[in-house]
Amino acid sequence: MFVLTSSQMREIDRKASQEIGIPEVVLMENAGFCVFEEIKRDFETLDDKNIAVFCGKGNNGGDGFVVARYLAQVCPNVKVFLFDDNVTLTSKVFLDILKKLEVDINILSEELLSSLRAQRFDIIVDAIFGIGLSKDIDGLYKKVIEYINGSGAYVYSVDIPSGVCSDSAQIKGCAVRASKTVTFVYPKVGHILYPGSYYCGKVIVKDIGIPEKIIKDIKVKILTAEDLDISKFYRYPDSHKGDYGKVGIVAGSKYYPGAAALCSNAALQSGCGLCYLLTPKEVLYFQNFRRPEIIVLPVESKEGIVSFDGFVKFDEYFAKFDVLGFGCGLTKNKEVEKILIHILENFQIPIVIDADGLNVLASSRDVRELLASYKSQKVLTPHYMEAARVLDVDVKDVAKSPIDAAKKIASEFRAICVLKGSRTIITDGDEVFINILGNPGMAKGGSGDVLTGIILSMIAQGYSAFEAAKLAVYLHSLSADILLEKKTMQTILPSDIIDGLDSTIKRLIKG
Ligand SMILES: NC(=O)C1=CN([C@@H]2O[C@H](COP(=O)(O)OP(=O)(O)OC[C@H]3O[C@@H](n4cnc5c(N)ncnc54)[C@H](OP(=O)(O)O)[C@@H]3O)[C@@H](O)[C@H]2O)[C@@H](O)CC1
Ligand SMILES: Nc1ncnc2c1ncn2[C@@H]1O[C@H](COP(=O)(O)OP(=O)(O)O)[C@@H](O)[C@H]1O
Ligand SMILES: [K+]
């Protein structure tokens, strides 16, 4: 399923009218009718309802006029509220029709708004702003939106709740809290990412008659099972462990032994043939949490953190690895930086960098340069704060435009970026996938280590870095969702996500 930005939507609209010749009024008529149909479907009868339609002066308001016209045919109590009757040319066509039909049209003012507080509406249609919202909302607009949110009515937002930025999902001053949002062609970024997604209620996507052939070159998609290649999940009867790849992991410290266990356990549990864990000797006491199948290469440490001198003794192993994971639980340290530089200078293995590997990347110019020119495939898996460090920006800037942040990281390091969050974004710098699976039960230390392990395993089994990242993010979050069938968000643990891979992979294969 594609996801659009406002400029892509406008381009689609332009092509529909200028290249194909579908007039804008036709699209507006179709859009308004789709919203009306949705309302009609939700309510057995409409003739006994009090309905208010709030319309802005742009084309979103025009859609609202169309909805009002259809509603007025089946309900005597429809009132239209306008902020300004100086509306767009296309909207004016429908406003004039409403006037001729003598629909109850009111121009909003502070006084009128006060009088509305004494009335009760069962249904409110929010057609104030759509994809044209351009600045923060204040004044009467803000008061009306607050009124809508406190009205107790069932609220339909046309295209997007007024106040939600369709490109960033940020709230511009305030926003309508919709019960349902009816949007057109494809969802917009503002429907999918948070906080916008909270305001939408149920999102319904309607076809308004735009020909499929002009909808192309869209680079943002919601990640679905259809985007995944599971062909490599098939295991040939005559295969052996070498066919499923060898994962090398540099992880763990005296302080974070569990990160090494989670990452390596997840790699193993998702199908790789062999998993080697390079970890400080001190971490070995953590045996109980480690699957015995993991081959441990105990590294001499300095105060519980991998030492460079200890690490290089294992150099010969690197020829074996099909992929290398670096970072989980290592801690941020000069030795860690030296080791990463050594790896980037001396080996050519696909690499997945997480956690402290990313922290080193953020602070070391040498690592940045070496990584950018490293020839093998790379996956970087920052959460928002790590991304902010890597980009040297405030975390709020990442949250405001996470897609741009992820693309920037991917482009700078010529890597796949997996920007982890409640909606994880996966990009190669050009194509973008947004994962909508997963739940807040995953918001626990260690979930990211599990994801890194699964990505490593997928690369070891022969997937490209991009395919591996998509598959791993999907499996990781689907596993957490399946766990909710028996457990709660409080009780699911990252280690349960690893155990849950069993039923998750089965479900994915069955389709
Ligand atoms: N294919 C398509 O594209 C189709 C699109 N369709 C519909 O058109 C909608 C897009 O219409 P649109 O471009 O006219 O923009 P819209 O959202 O009505 O708002 C612009 C108006 O709001 C104003 N304004 C903005 N921010 C403001 C603020 N904070 N406070 C106050 N004012 C503010 C802004 O004023 P300005 O910034 O110009 O001063 C301007 O007047 C789209 O969402 C969908 O519903 C359908 O008909 C089907 C086909
Ligand atoms: N609210 C949420 N909804 C869906 N997924 C979430 C949510 N919170 C966290 N996650 C997922 O959990 C993982 C957390 O990773 P990370 O922050 O790196 O944890 P850690 O470093 O402790 O292992 C990411 O994959 C993220 O997408
Ligand atoms: K709206």
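The name that an unreviewed UniProt entry assigns to the protein is Bifunctional NAD(P)H-hydrate repair enzyme, with the source organism given as Anaerocellum danielii. Regarding the protein, the relevant UniProt record gives this comment under Subunit (unreviewed entry): "Homotetramer."

1. Description of the UniProt feature "binding site: K(+)" (unreviewed entry) in the protein
Per the UniProt record, the feature "binding site: K(+)" (unreviewed entry) sits at Asn60, Asp126 and Ser162. A compact arrangement is adopted by the annotated residues: their sequence extent is 103 residues, whereas the largest C-alpha distance between any two is 9.4 Å. Within the secondary structure, Asp126 sits in strand E4 (residues 123-127). Looking at the secondary structure, you find Ser162 in the loop between strand E5 (154-158) and strand E6 (180-184). In this structure Ser162 comes out as buried when scored by C-beta crowding, with 27 C-beta atoms within 10 Å. Aside from chain neighbours lying at most four places away, what touches Ser162 is Asp126, Ile128, Phe129, Ile145, Ser157, Ala175 and Val176.

2. Examining the site of ligand 2
The local shell around ligand 2 holds 18 residues, among which Gly438, Pro440, Ala443, Ser447 and Gly448 are the closest. Residue composition of the shell around ligand 2, grouped by class: 5 nonpolar, 11 polar and 2 charged.

3. Focus on the sheet that holds E6
One open sheet holds the 7 strands; their spatial order is E3-E2-E1-E4-E5-E6-E7, and the pairing between them is parallel. Every interior strand has two partners, whereas the edge strands, strand E3 (104-107) and strand E7 (202-206), have only one. Averaged over all pairs of adjacent strands, the angle between strand axes in this sheet comes to 20°, irrespective of strand direction. Direction of pairing for strand E1 (residues 51-55) relative to E4: parallel, over a ladder of 5 bridges. When the bridges of E4 are listed, Phe54 appears paired with Asp126. Against the sheet, helix H2 (residues 24-42) contacts E4, E5, E6 and E7, and its axis sits at roughly 150° relative to E6.

4. Brief notes about the packing of helix H12 (residues 355-363) against helix H14 (residues 384-391)
It is the contact of H12 with H14, at a shortest axis distance of 7 Å, that shows an interaxial angle of 25°. With respect to each other, H12 and H14 are oriented roughly parallel. Relative to H14, H12 is oriented so that their crossing is left-handed. Contacts between H12 and H14 involve Leu358, Asn359, Leu361 and Ala362 on the former and, on the latter, Glu386, Arg389 and Val390. Residues belonging to the contact of H12 with H14 are distributed by class as follows: 4 nonpolar, 1 polar and 2 charged.

The rules behind the values
Residues numbered from 1 in each chain as written. Chains lettered and ligands numbered in written order. Predicted model: local features only at pLDDT ≥ 70, side-chain atom pairs only at ≥ 80, totals over all residues. UniProt positions renumbered as here; feature names shortened; annotations may be inferred. Helix = DSSP H or I, 4+ residues; strand = E, 2+ residues; numbered from the N terminus. Buried ≥ 20, exposed ≤ 12 C-beta atoms within 10 Å, placed from the backbone. Contact = placed C-beta atoms within 7 Å. Near = placed C-beta within 6 Å. Nonpolar A, V, L, I, M, F, W, Y, C, P; charged D, E, K, R; others polar. Pairing = 2+ DSSP bridges. Axes fitted to C-alpha atoms, helices over the stretch in contact; angles between N-to-C directions. Parallel < 35°, antiparallel > 145°, perpendicular 65-115°, else oblique. Left-handed = near helix turned anticlockwise from the far one by under 90°.

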